[in-house]
Amino acid sequence: MASSTLTNGEKNHARAQTAGKVTVVLGAQWGDEGKGKVVDMLATNVDVVCRCQGGNNAGHTVVTGGKEFDFHLLPSGIINEKAVSLIGNGVVVHLPGLFEELEKNEAKGLTGWKERLIISDRAHLVFDFHQQVDGLQEAEKAAGGKSLGTTKKGIGPCYSSKATRNGIRVGDLLGDFNMFSEKFRTICTFYQRLFPGLVVNVDEELKRYKEYAEKLRPLVKDTILFLHKALEQGNTVLVEGANAAMLDIDFGTYPYVTSSNCSIGGVLTGLGLPPQTIGNVIGVVKAYTTRVGDGPFPTELHDEVGSLLQTKGGEIGVTTKRLRRCGWLDLVLLKYTAMVNGYTSICLTKLDILDTLPEIKIGVAYKINETTLEHFPGSITDLGAVQVEYKTLPGWQTSTADVREFTQLPEKAQAYVHFIEDYLGIPIKWIGVGKGRESIINVN
């Protein structure tokens, strides 16, 4: 006869089924879709906001109360004074950049972060020499005509150190400083052998990091345990993905990608979460397509429409300050990233940038040699060779900037939204028609 008493395993399973779920916000294109604004909007009603991967190569802008905040390492939800902001183990942290970012945003009105910011002891550290190496590697590639357009923030070299197991983690810095110093000298020697021109004042750096250790110590916790306890207690958790699906090291346009997994898998490994904790996955989609740096871009525009999107959309990188390349919305690309990430809903941003166009094209299929492709090409050679089949829709040629209800949008703008929904089979729940959080239309 079966016992009526639950085993520990059954109790754990029951707890997992009733625990809170994680909402994830991911970039669905090549980045710069407006994730920061979406996170800021959603973060007003959550208990914990997390970054799971990437570093200060990300750039998220939040406009609230007439103030514009730029975040690179900090979760965009840090503006919410009721929420904990968490930097997970999958993030690579440049401490000088982090403290500079905090200082700049404090000057703009950010307060109370010392009580609300948590950093994983397992997160790897980006050092200045990683940034130097990033620049040296990019210069070598550029000389050979193969520049990747890196941000030179040291992200790739740091993830390389992590993968080759000579990286240094936050916990190393806060432990025995003599051991940290030994590891630091070893990794510097390693890179100086590879790059003879690399100059590092080791003693000065160690002195600086001893000071950083004390500033950092109150912020560091075991974030894995913290998150699991938060979920068990029914707290709401929001994850802000950095970069975007098409920059994912596995699923993006390799090698023109970042060095982390910025798709749904990176959320799990970057925070120590099991798959069953994931609830809603929100894909953030710009109403047109942009990308920074080199690499194939099937729907790119080189005409006056591309220039209009670039100018009116303010398409300048938050981190790189480089102009973004612009093109029509690419639904083939979006269907692919939706397949990888499993979006449960979409936030469509910057619809207002299309307001003046008499007609709007949407990429709906790829062809090579007149043969329609059934899959998104894994080869950048094939992607660069595709011919895009477009659907042309009439523009609405009316300002949407002051619209706050979906039914108040021009009919042709509504038709544009419905076409995207029908093609992808995913509901669009929010539409952005301006910079601030108040400029988001809730479509529910």
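Reading guide: rules and limits
Each residue is numbered by its place in its chain's sequence as written, counting from 1. It should be noted that, the model being predicted, local features are given only for residues of pLDDT at least 70 and side-chain atom pairs only at 80 or more, the latter also being counted only at that level, while totals for whole chains, interfaces and linings use all residues. Side-chain descriptors were evaluated using all non-hydrogen atoms of the structure, hydrogens and water having been removed beforehand. Among buried residues, those of type Ala, Val, Leu, Ile, Met, Phe, Trp, Tyr and Cys that are joined through side-chain atoms within 4.5 Å constitute a nonpolar core. Only protein chains enter the accessibility calculation, which uses a 1.4 Å probe; a residue whose area is less than 20% of its type maximum is buried, one above 50% is exposed, and one in between is partly exposed. Runs of E in the DSSP output that reach at least two residues are strands. Runs of H or I that reach at least four are helices, and both are numbered from the N terminus. The contact criterion used throughout is that any non-hydrogen atoms of two residues lie within 4.5 Å. Between Lys or Arg on one side and Asp or Glu on the other, a salt bridge is scored when a side-chain nitrogen of the former is within 4 Å of a carboxyl oxygen of the latter. Note that His is not counted, nor are the chain ends; the positive residues are Lys and Arg, and the negative ones are Asp and Glu. Two N or O atoms count as a polar contact when they lie within 3.5 Å, although within protein this holds only if one can serve as hydrogen donor and the other as acceptor, and sequence-adjacent residues are included solely when both atoms are side-chain atoms. To define axes, lines are fitted to C-alpha atoms, for helices over the stretch in contact only, and angles between the resulting N-to-C directions are given on a 0 to 180 degree scale. Reported orientations rely on four angle classes, namely roughly parallel under 35 degrees, roughly antiparallel over 145, roughly perpendicular from 65 to 115, and oblique for the rest. Rotating anticlockwise by less than a right angle from the far helix to the near helix defines a left-handed crossing, while the corresponding clockwise rotation defines a right-handed one. Throughout this entry, Asp, Glu, Lys and Arg are counted as charged residues, while Ala, Val, Leu, Ile, Met, Phe, Trp, Tyr, Cys and Pro are counted as nonpolar. The remaining residues, Gly among them, count as polar. Criterion used throughout: strands pair if DSSP finds at least two bridges between them. Each residue gets a pLDDT score, which is the predictor's confidence in that residue and runs from 0 to 100. Side-chain rings of Phe, Tyr and Trp (the six-membered ring for Trp) are treated as a pair once their centres are within 6.5 Å; stacked means planes under 30 degrees apart, edge-to-face means over 60, and tilted covers the remaining angles. Charges are assigned to positions over rings by a cutoff of 6 Å between ring centre and Lys NZ or Arg CZ, combined with an angular limit of 35 degrees from the ring normal.

Soluble globular proteins: nonpolar side chains tend toward being buried together. Counting residues in each nonpolar core, the largest one holds 73 residues, and the members touching the most others are Val239, Val267, Leu271, Leu351, Leu354, Tyr416 and Ile431. Among the elements that take part in this core, helix α12 (residues 331-341) stands out by supplying 6 residues, more than any other. Beyond its immediate chain neighbours, meaning those up to four positions away, valine 239 contacts Val22, Thr23, Val24, Val25, Cys50, Cys52, Val267 and Leu271. Of all hydrophobic cores here, the second largest spans 44 residues; its members include Phe69, Leu95, Ala123 and Tyr191.

Next up on the list: the environment of isoleucine 87. Tracing the backbone through its elements, the reader meets isoleucine 87 in strand β5 (residues 84-87). Linking isoleucine 87 and serine 181, residues 94 residues apart in sequence, is a C-alpha distance of 24 Å. Each residue touching isoleucine 87, except ones within four places of it in the same chain, is listed here: Arg51, Leu73, Pro75, Val93, Leu98, Leu117, Ile118, Ile119, Ser120 and Thr223.

In total, this model carries 15 salt bridges according to the counting rule given. A salt bridge links arginine 122 to aspartate 121; its shortest N-O distance comes to 3.7 Å. A residue is classified by how much of its surface remains accessible, and arginine 122, at 31% relative accessible area, is partly exposed. Among the salt bridges present, the one from glutamate 315 reaches lysine 350, with a minimum N-O distance of 2.9 Å. Here glutamate 315, found in the loop between α11 (304-312) and β13 (325-327), pairs with lysine 350, found in the loop between β15 (345-349) and β16 (359-368); they are 35 residues apart in sequence, far enough to count as distant. Using a relative accessible area of 0% as the deciding quantity, one classes glutamate 315 as buried. In this structure, a network of salt bridges that share partners links the residues Asp32, Lys286, Glu315, Arg324 and Lys350.

Before going further, it helps to examine the side chain of aspartate 330. Tracing the chain through its elements places aspartate 330 in strand β14 (residues 329-330). The buried charged residue aspartate 330 lacks any salt bridge, with arginine 291 as its nearest oppositely charged partner at 9.7 Å. A distance of 3.1 Å separates a polar atom in the side chain of aspartate 330 from the backbone nitrogen of leucine 333. In this structure the side chain of aspartate 330 is engaged in a polar contact, spanning 2.4 Å, whose partner is the side chain of tyrosine 366. Look past the residues within four positions of aspartate 330 in its chain and what remains in contact with it is Thr289, Pro298, Thr299, Gly363 and Tyr366.

Attention now goes to the packing of α12 against helix α14 (residues 411-424). Viewed as axis vectors pointing N to C, α12 and α14 meet at an angle of 50°, and their least axial separation amounts to 10 Å. On the basis of the axis angle, α12 is oblique to α14. In terms of crossing hand, the pair formed by α12 and α14 is right-handed. On α14, the residues that touch Leu331, Val332, Leu334 and Lys335 of α12 are Phe419, Ile420, Tyr423 and Leu424. For the contact of α12 with α14, the residue count by class is 7 nonpolar, no polar and 1 charged.

Before going further, it helps to examine the sheet that holds β5. Sheet strands pair via backbone hydrogen bonds, and the direction of the pair is either parallel or antiparallel. Ordered by their spatial adjacency, 10 strands build an open sheet running β9-β7-β5-β2-β10-β1-β11-β15-β19-β20, and the pairing between neighbours is mixed. Where the open sheet ends on each side, the last strands, each with one partner, are β9 (220-221) and β20 (440-442). Across 4 bridges, the pairing between strand β2 (residues 48-51) and β5 is parallel. Residue pairing in the sheet places cysteine 50 in a bridge with leucine 86 of β5. Together, β1 (22-27), β2, β5, β7 (117-120), β9 and β10 (237-240) form the strand contacts of helix α9 (residues 223-232), whose direction differs from that of β5 by roughly 140°.

Further remarks concern the environment of glutamate 374. Here glutamate 374 shows up in the loop between β17 (371-372) and α13 (380-385). Separated by 42 residues in the primary sequence, glutamate 374 and valine 332 place their C-alpha atoms 9.7 Å from one another.

On to the pairing of β15, then. Here β15 lies mainly inside the structure; 5 of its 5 residues are buried. The alternating pattern of β15 places Ser345, Cys347 and Thr349 on one face and Ile346 and Leu348 on the opposite face, and all of these are buried.

Once that is clear, we can look at the confidence of the model for the chain. Considering every residue of the chain, the mean pLDDT works out to 91; 92% of them sit at 70 or more. This stretch, residues 1-6, has a pLDDT under 50; its non-local contacts, to residues over four places away or in other chains, come to 2 contacts.

Inspection of the entire model under this criterion finds 18 aromatic pairs. Look at phenylalanine 180 and tyrosine 209: their rings are 6.3 Å apart centre to centre, the planes differ by 35°, and that puts the pair in the tilted class. Taken together, the residues span a long stretch of sequence, with phenylalanine 180 in helix α7 (residues 177-194) and tyrosine 209 in helix α8 (residues 202-216) at a distance of 29 residues. Here the aromatic cluster, defined as three or more aromatic residues joined through ring pairs, consists of Phe99, Phe127, Phe129, Phe177, Phe180, Phe184, Phe190, Tyr191, Tyr209 and Tyr212. Between the NZ or CZ atom of lysine 335 and the centre of the ring of tyrosine 423, over which it lies, the distance is 4.9 Å. Lying across the ring of tyrosine 390, lysine 361 places its NZ or CZ 5.8 Å from the centre.

Another point: the packing of helix α3 (residues 95-107) against α8. Contact geometry for α3 and α8: axes closest at 11 Å, N-to-C directions at 50°. The pairing of α3 with α8 is recorded here as oblique in orientation. Note that α3 runs across α8; the crossing there is left-handed. Across from Leu95, Pro96 and Phe99 in α3, the residues of α8 making contact are Arg208, Tyr209, Tyr212, Lys215 and Leu216. The class makeup of the residues in the contact of α3 with α8 is 6 nonpolar, no polar and 2 charged.

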